[in-house]
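# Summary of the model geometry
Here is what each chain is made of, one letter per residue.
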Amino acid sequence: MIEVKNLVKKYGNHVAVNDLSFKIEKGRIYGFLGPNGAGKSTTMNIITGYLAATSGQVIVNGHDIYEEPEEAKKSIGYLPEIPPLYMDMTPREYLSFSADLKGLTKKERAGQLKDITKLTGIEDVMDRLIKNLSKGYRQRVGLAQAILGYPEVIILDEPTVGLDPKQIVEIRDVIKGLSKKHTVILSTHIMQEVSAVCDEVIIIAHGELVARDTPNNLGKHVSGSNTIEIVVKAPDYKVKAILNKMNDVTKFEVHNDAEEECTRALVSTGVEKDLREDIFYAFAAAKCPIVGMSYSNTSLEDVFIKVTSGRQTDRRN
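Values in this document were obtained by computation on a predicted structure and should not be read as measured data.

This brings us to the packing of aromatic side chains. Under the counting rule described, the total for this entry stands at five aromatic pairs. Their ring planes at 45° and their centres at 5.9 Å tell us that F22 and F32 sit as a pair that is tilted. Residue F22 is located in strand β2 (residues 14-24), and its partner F32 is located in strand β3 (residues 29-33); the two are separated by 10 residues in the primary sequence. Its relative accessible area of 3% is what places F32 among the buried residues.

Following this line, the structure appears as structure tokens:
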């Protein structure tokens, strides 16, 4: 769908994007993350053809963004952080104008406007001036413009910034619905948003790719372990003996619990395996009942901080 190859963008002596390569597959929602100045917006502007790269290549649906810009751009809908709206137009006028720019026929326009205004929830404000709409509705109008023409890829730069909690939930629901027919690249600083809607996460820092995986797997890979806390009705020496026999337990800590005759243990396990069932059966076989168990792994916020820390960034994005 999209292939970014060895992308470099320099502003004088500053390298905003440094030999960046990744692929975007069809029908998924990607979270595109990075600290301020990491090169996110620069990368998105290059992918959409708004900005030229210093070197490298971007292939969109089989078309080189520089050699076949018109064909490549037909496959992309783009919503910048600040939607490019004309405040003295109504949404109906603005979307009709956008449809003309995208070369839609009158028949295509009529059908698409009906479906897209329903999808984005702007049916009731189509004939109000955009300048009189709330920020949430302006974002929806900008999103409708990005969807117009049914591009195969939709790129959204901070689509929920400045919205209230209700509006954020509504926009997230719209984004989830888009994945049924489109591939979505979502740039945001809100980690809960990524966890809620994204199938895969790409993290860059200082213009370089530093991590890529599903939201759940990122925590496992970066942390190096998952932690299971158990409370066992058994003395500490028995708990230690059982855990020592388990090959996939990398380390553990054992403490006497406040509850009588119980021992509390913090167990660290291998990154690819959830040992809760194995632990349960091991203690059951030894007739040592587990009276409490909880499981935790590294949060997406912790992953983000860990993989981007120690990398200096510039304010230019």
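Next up on the list: the side chain of K9. Structurally, K9 can be placed in strand β1 (residues 2-11). Within the structure, the side chain of K9 is placed 2.9 Å from the backbone oxygen of A52, a separation counted as a polar contact. Leaving out residues up to four positions away in the same chain, K9 has contacts with H14, V15, A16, V17, T42, I46, L51, A52, A53 and T54.

Across the interface, helix α4 (residues 106-120) lies against helix α5 (residues 135-147) with an axial gap of 9 Å and an inter-helix angle of 140°. Between α4 and α5, the crossing angle belongs to the class labelled oblique. Between α4 and α5 the crossing geometry is right-handed. Between α4 and α5, the residues in contact are I116, L119 and T120 and R140, L143, A144 and I147, respectively. Grouping the constituent residues of the contact of α4 with α5 by class yields five nonpolar, one polar and one charged.

Moving on: the nonpolar core. Generally speaking, a soluble globular protein has its nonpolar side chains buried in company with each other. L156 and I203 are the most contacted members of the largest nonpolar core, which has 43 residues in total. The residues contacting I203, other than those within four sequence positions of it, are L33, E208, L209, V210, A211, L218, V303, F304, V307 and T308. Counting residues in hydrophobic clusters, the runner-up holds 25 residues, among them L20, F22, Y30 and I46.

Right, let's talk about the sheet that holds β2 for a bit. Overall, antiparallel pairing links the four strands, which are arranged β2-β1-β4-β5 in an open sheet. Looking at the sheet topology across the chains shown, the edges are occupied by β2 and β5 (63-64). Judged from the five bridges that link them, β1 and strand β4 (residues 55-60) form a sheet pairing that is antiparallel. Note on β4: the bridge partner recorded for V4 is V58. Sheet strands touched by helix α1 (residues 40-47): β1, β2 and β4. Its angle to β1, the strand with the most contacts, is close to 120°.

For the rest of this paragraph, the subject is the pattern of salt bridges. Evaluation of the coordinates by the stated rule reveals 12 salt bridges. The salt bridge involving K5 is made with E3; its shortest N-O contact spans 4.0 Å. Of the charged contacts, one joins R264 and E229 as a salt bridge, the two residues approaching to 3.1 Å between their closest N and O atoms. You can see R264 sitting in strand β13 (residues 263-269) and its partner E229 sitting in strand β11 (residues 226-232), a full 35 residues away along the chain. A relative accessible area of 29% means that R264 is categorised as partly exposed. Connected through shared salt-bridge partners, E3, K5 and K23 make up one network.

Turning our attention to α4. Over its 15 residues, α4 extends 21 Å from the first C-alpha to the last, a length consistent with the 21 Å expected when each residue adds 1.5 Å. Looking only at α4, the buried set comprises R109, Q112, L113, I116, T117 and T120. Looking at the buried side of α4, the elements it contacts are α3 (91-101), α5 and α6 (165-178).

Of the residues in the protein, 93% reach a pLDDT of 70 or more, and the chain-wide mean stands at 88. In the model, residues 312-317 has pLDDT below 50 throughout and makes 19 contacts with residues more than four positions away in sequence or in other chains.

Next up on the list: the environment of E70. Within the element layout of this structure, E70 appears in helix α2 (residues 69-74). For E70, a relative accessible area of 58% corresponds to the exposed category. Considered as a pair, E70 and E108 are 38 residues apart in the sequence and their alpha carbons are 19 Å apart.

The next thing to look at is the sheet that holds β13. Across the sheet, which stays open at both edges, the four strands sit in the order β12-β13-β11-β14 with antiparallel pairing between neighbours. At either margin of the open sheet sits one strand with a lone partner, and together these are β12 (249-256) and β14 (290-296). Strand-to-strand twist across the sheet, computed as the mean angle between neighbouring axes with direction ignored, equals 15°. Alignment of β11 against β13, held across seven bridges, turns out to be antiparallel. Bridged to E229 within β13 is L266. The sheet strands contacting helix α9 (residues 236-244) are β11, β12 and β13, and the helix crosses β12 at an angle near 175°.

Rules of the game
Residues numbered from 1 in each chain as written. Predicted model: local features only at pLDDT ≥ 70, side-chain atom pairs only at ≥ 80, totals over all residues. Heavy atoms only, no water. Phe/Tyr/Trp six-rings, centres within 6.5 Å; stacked < 30°, edge-to-face > 60°. Helix = DSSP H or I, 4+ residues; strand = E, 2+ residues; numbered from the N terminus. Buried < 20%, exposed > 50% of the residue type's maximum accessible area, 1.4 Å probe, protein only. Polar contact = N/O pair within 3.5 Å; in protein donor to acceptor, adjacent residues only side chain to side chain. Contact = heavy atoms within 4.5 Å. Axes fitted to C-alpha atoms, helices over the stretch in contact; angles between N-to-C directions. Parallel < 35°, antiparallel > 145°, perpendicular 65-115°, else oblique. Left-handed = near helix turned anticlockwise from the far one by under 90°. Nonpolar A, V, L, I, M, F, W, Y, C, P; charged D, E, K, R; others polar. Core = buried A, V, L, I, M, F, W, Y, C linked by side-chain atoms within 4.5 Å. Pairing = 2+ DSSP bridges. Salt bridge = Lys/Arg side-chain N within 4 Å of Asp/Glu carboxyl O. Expected span 1.5 Å × (residues − 1). pLDDT = per-residue confidence, 0-100.

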